[in-house]
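# Summary of the model geometry
Spelled out from the first residue to the last, the chains are:
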Amino acid sequence: MWSVATTAAAIGGGVMAKNVIETTWKFVTGSNSPSNPEDPEVDWGEAVAFALVSGAVVQLVRVWINHKSTEAYTKRKGHLPESVAS
């Protein structure tokens, strides 16, 4: 059950991270995020900035979701999941 819950949380987190990245990028730059930062027509600085921002947001969302799901599991079961306790 724990594996299913963490997989579902990861999928939801990916969707959430994508929305946060697009909203943040638009707010900061005033333009849409690059659809493919690897496209040679995308400015190198913009591609690097997008990689840094998107990577940071994805990792932050991942850690937050894993932390919250582990917290909920521990509250319900009274102990950490085996994958976290080791």
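So, here's what we can say about the structure. (Residues numbered from 1 in each chain as written. Predicted model: local features only at pLDDT ≥ 70, side-chain atom pairs only at ≥ 80, totals over all residues. Heavy atoms only, no water.)

One pass over the full model with this rule turns up 2 salt bridges. We note a salt bridge from K18 to E22, for which the minimum N-O separation is 3.0 Å. Of the two residues, K18 and E22 both sit in helix 1 (residues 2-29), 4 residues apart, roughly one turn of that helix. One salt bridge connects E71 with K68, and the closest N-O pair in it is separated by 3.4 Å. Residue E71 and its partner K68 are located together in helix 2 (residues 44-77), separated by 3 residues, close to a single helical turn. (Salt bridge = Lys/Arg side-chain N within 4 Å of Asp/Glu carboxyl O. Helix = DSSP H or I, 4+ residues; strand = E, 2+ residues; numbered from the N terminus.)

A9, A17, I21, W25, F50, V57, V61 and I65 form the largest nonpolar core, which has 8 residues in total. F50 has contacts with I21, W25, S33, P34 and P37, leaving out every residue within four places of it along the chain. (Core = buried A, V, L, I, M, F, W, Y, C linked by side-chain atoms within 4.5 Å. Buried < 20%, exposed > 50% of the residue type's maximum accessible area, 1.4 Å probe, protein only. Contact = heavy atoms within 4.5 Å.)

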